[in-house]
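Survey of secondary and tertiary structure
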Amino acid sequence: MKPIVLFTLTLILSFNHLLNAQQTDKNLEKGLQNLVKDFEGEVGIYVYNLKTNQEAGINADTIFPTASVVKVPILIEVFNQIKAGNLHLKDTMVYDAKRKYGGSGLMQFYKDSTVTDLRTLASLMITVSDNTTSLWCQELVGGGAVINKTMDDLGLAHTRVNSRTEGRTKDWETYGWGQTTPREMASLLVRMRNRTLVDAASSDEMYRIMSNSFYTDYSLSQIPPYVQTAAKQGMVNKSRSELVMVNAPSGDYVFYIATKNNVDESWEFDNKAWQLQRTISAYLWRYFEPESDWKPATGFVDLVTGLRY
């Protein structure tokens, strides 16, 4: 058996063993169910405490749109290609204004022919959820089909890139750019934290990138700013999602919150899905850190209300 095949099988078996070994935290699950019962839309949640090996979930294996959270699988494939010797973070890139793609991000405002590099592309893709650099990275690694094969090799059956990917038009029409389940997406961040995604050095560098999120006014707003987090947010009109790892004093925990078919499609601070994300994040912080008396400062809402998304 070829070494790469054996390695892939080992990863899949290890992942399945981990899932089977986890125990359900029924108290946490009950608390989460109470928080989401009145939400006008569909909700999926997966929470895993890396120290206690306990989990809790609601629709944890249901497929949801990723929106920009799909940029995490793209990032993983960038480092996979670097490991293979096909790319390097120092690779020179020249921005062509024809690549401009609207929505979130900064590179769309770059001058034509600006010289940059792959590290900048990857960093902007995650930290400010740059759409232009994300599509560029997706192209550089060989497209959605290549990324999807890597997800499949990792044992993930539902985490896929749909946009600009042959054979996935119907999936794109249903879920948009990408799709995943709460459990699967959270598992990627767990592997990254455990330094087993691509390799230890790649995992560390990806984790550093994900620890610099620009979008701190959702789940991250309910976690003390002096506690490190790694996160990625995704948002379209009818779906808001968020992936977060908290390096908490009492032990790391990860959670993924996904919503779809949301009634509230607004883009204001008090959007119902964003309120739910804050509520769940605050609940998890108090649940795992019961002795902490930290809470968001008075005036936090005034600082971020009215921001454009």
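The rules behind each value
- Residues numbered from 1 in each chain as written.
- Predicted model: local features only at pLDDT ≥ 70, side-chain atom pairs only at ≥ 80, totals over all residues.
- Heavy atoms only, no water.
- Helix = DSSP H or I, 4+ residues; strand = E, 2+ residues; numbered from the N terminus.
- Rg over C-alpha atoms; globule rule 2.2 N^0.38 Å.
- Buried < 20%, exposed > 50% of the residue type's maximum accessible area, 1.4 Å probe, protein only.
- Contact = heavy atoms within 4.5 Å.
- Areas by Shrake-Rupley, 256 points an atom, 1.4 Å probe, with all protein chains shown as cover.
- Pairing = 2+ DSSP bridges.
- Phe/Tyr/Trp six-rings, centres within 6.5 Å; stacked < 30°, edge-to-face > 60°.
- Axes fitted to C-alpha atoms, helices over the stretch in contact; angles between N-to-C directions.
- Parallel < 35°, antiparallel > 145°, perpendicular 65-115°, else oblique.
- Left-handed = near helix turned anticlockwise from the far one by under 90°.
- Nonpolar A, V, L, I, M, F, W, Y, C, P; charged D, E, K, R; others polar.
- Salt bridge = Lys/Arg side-chain N within 4 Å of Asp/Glu carboxyl O.
- pLDDT = per-residue confidence, 0-100.
- Core = buried A, V, L, I, M, F, W, Y, C linked by side-chain atoms within 4.5 Å.

Brief notes about the overall build of the protein
- Helix and strand content of the protein: eleven helices and eleven strands.
- For 309 residues, the compact-globule estimate of 2.2 N^0.38 gives 19 Å, and the C-alpha radius of gyration of the protein, at 19 Å, lies within 12% of that figure.
- If one aligns the C-alpha atoms of the protein with their principal axes, the spans along those axes are about 50 × 50 × 40 Å.
- Residue burial in the protein is summarised as follows: out of 309 residues, 53% are buried.
- Sequence-distant contacts in the protein: of pairs separated by 6 or more residues, those separated by 24 or more amount to 65%.
- Accessible surface, the protein as shown: approximately 14,800 Å² in total, 51% of it carbon and sulfur.

A look at the pairing of strand E2 (residues 42-49)
- The buried fraction of E2 is high, at seven of eight residues.
- Across five bridges, E2 lies against strand E3 (residues 54-58) in antiparallel orientation. Across the sheet, the residue bridging to Asn 49 is Gln 54, located in E3.
- Taken together, E2 and the strand that follows it, E3, pair antiparallel across an intervening segment of four residues, in which Asn 53 is found at a positive phi of about 60°.

Points about the packing of aromatic side chains
- Inspection of the entire model under this criterion finds nine aromatic pairs.
- Seen from their ring centres, Trp 267 and Trp 274 are 5.8 Å apart, and the 75° between their planes marks the pair as edge-to-face.
- Judged by relative accessible area, Trp 267 falls into the partly exposed class, the value being 29%.
- For Trp 274, a relative accessible area of 1% gives the class buried.

Let's talk about the packing of helix H2 (residues 26-36) against helix H10 (residues 272-288)
- It is the contact of H2 with H10, at a shortest axis distance of 11 Å, that shows an interaxial angle of 155°. Judged on the interaxial angle alone, H10 and H2 are roughly antiparallel. By crossing handedness, the relation of H2 to H10 is classed as right-handed. Judged by residue contacts, Asn 27, Leu 28, Gly 31, Leu 32, Leu 35 and Val 36 of H2 engage Leu 276, Thr 279, Ile 280, Tyr 283, Leu 284, Tyr 287 and Phe 288 from H10.
- Split by residue class, the contact of H2 with H10 holds ten nonpolar, three polar and no charged.

With respect to the pattern of salt bridges
- With the rule as written, the count across this model stands at 13 salt bridges.
- Between Arg 183 and Asp 61 there is a salt bridge; the shortest N-O distance is 2.7 Å. Here Arg 183 is found in helix H8 (residues 182-193), whereas its partner Asp 61 is found in the loop between E3 and strand E4 (64-65), with 122 residues between them in sequence.
- With a relative accessible area of 48%, Asp 61 lands in the partly exposed category.
- A salt bridge links Arg 160 to Asp 152; the nearest nitrogen and oxygen atoms lie 3.4 Å apart.
- Here Arg 160 falls in the buried class, since its relative accessible area comes to 12%.
- If you follow the salt bridges from partner to partner, you end up with Glu 55, Asp 61 and Arg 183 in one network.

Details of the confidence of the model for the protein
- Across the protein, pLDDT averages 94, with 93% of residues at or above 70.
- Below pLDDT 50 for its whole length, residues 3-7 participates in one contact with residues either more than four positions away or in separate chains.

Some remarks on the pairing of strand E10 (residues 239-246)
- Burial within E10 is extensive, with eight of its eight residues counted as buried.
- Alternating positions in E10 separate into two faces, Ser 239, Ser 241, Leu 243 and Met 245 on one and Arg 240, Glu 242, Val 244 and Val 246 on the other, with burial throughout.
- Note: strand E9 (residues 229-236) against E10, eight bridges, orientation antiparallel. Across the sheet, residue Met 235 finds its bridge partner in E10, namely Arg 240.
- Following E9, the chain reverses through two residues before pairing antiparallel with E10.

Side note on the nonpolar core
- By size, the foremost hydrophobic cluster in this structure holds 52 residues, and its most contacted members are Leu 75, Leu 189, Met 210 and Leu 243.
- Ranked by residues supplied to this core, first place goes to helix H3 (residues 71-83) with seven residues.
- The contacts of Leu 75, once residues within four sequence positions are left out, are Ala 122, Met 125, Ile 126, Met 206, Ile 209 and Met 210.
- Membership of the second largest hydrophobic core comes to 26 residues, among which are Leu 32, Val 36, Phe 39 and Ile 257.

Remarks on the packing of H3 against helix H5 (residues 131-140)
- Following both chains from N to C, one finds H3 and H5 inclined at 45°, their axes separated by 10 Å at the closest point. When the axis of H3 is compared with that of H5, the two are oblique. With respect to the hand of their crossing, H3 and H5 are arranged in left-handed fashion. From H3, Lys 71, Ile 74 and Val 78 reach across to H5, where they touch Asn 131, Ser 134, Cys 137 and Gln 138.
- Here the residues of the contact of H3 with H5 sort into three nonpolar, three polar and one charged.

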